[in-house]
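A look at the structure
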Amino acid sequence: MKTRISSSLLALALFAAPVLAGNGHAPGRVQSLSPAEASRLRAVDAAPLGELRAGAVHPAASIDETQRAALTAADQKGAGLEALSAGELTLSDHDLTIIAIVVGVVLILILI
């Protein structure tokens, strides 16, 4: 019975959507642009289409000697930074227990 009511409501909604949206028609003819509007639209196009292609190769910016020296000095100052890497995941037994409990509770809630 519930399935029949919901399918009937869905069918009515599908038929009522065009009526509720209004019966305004699209204009039969679109007006042409004035010369001022056309020139403004052409002015908006700043980037050539060749630069917007997929796979376009842009030259990399070169590093001058002062930047290279600053990078070398920063590398020597931060010698312990290589030990700090994101992505290393170490879980203790306590963490795994809490994750198992949460997953169990979620599964029980889904099954209920």
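These figures come from a predicted structure and were not determined experimentally.

Brief notes about the overall build of the chain
Across its full length, the chain holds 4 helices and 0 strands. Ordered by position from the N terminus, the helices and strands of the chain form the series α-α-α-α.

Re the confidence of the model for the chain
This prediction gives the chain a mean pLDDT of 76; 71% of its residues lie at or above 70. No element of the chain has a lower mean pLDDT than helix α1 (residues 2-21), at 67, and none a higher one than helix α4 (residues 93-111), at 93.

A look at a nonpolar patch on the surface
Together, Leu 89, Leu 91, Leu 96, Ile 98, Ile 99, Val 102, Val 103, Val 106, Leu 107 and Ile 110 give the surface a local cluster of nonpolar side chains, amounting to about 920 Å² of exposed area. In this structure, Val 102 sits in helix α4.

Rules of the game
Here, residues in each chain are numbered from 1, in the same order as that chain's written sequence. Predicted model: local features are reported for residues with pLDDT of at least 70 only, side-chain atom pairs are reported and counted for 80 or more only, and whole-chain, interface and lining totals are derived from all residues. Excluded from the side-chain calculations are hydrogens and water; all other atoms, namely the structure's heavy atoms, are used. Helix and strand assignments come from DSSP, with helices taken as H or I runs of at least 4 residues and strands as E runs of at least 2, each series counted from the N terminus. Values of pLDDT, ranging from 0 to 100, describe the predictor's confidence in every residue of the model. Within the patch definition used here, like charges are joined within 9 Å and nonpolar side chains (Val, Leu, Ile, Met, Phe, Trp, Tyr) within 5 Å, considering only residues with over 30% relative accessible area and no salt bridge. Accessible surface is estimated by sampling points in the Shrake-Rupley manner with a 1.4 Å probe; for residues, cover comes only from the protein chains shown. A pairing counts as a salt bridge when a side-chain nitrogen of Lys or Arg comes within 4 Å of a carboxyl oxygen of Asp or Glu.

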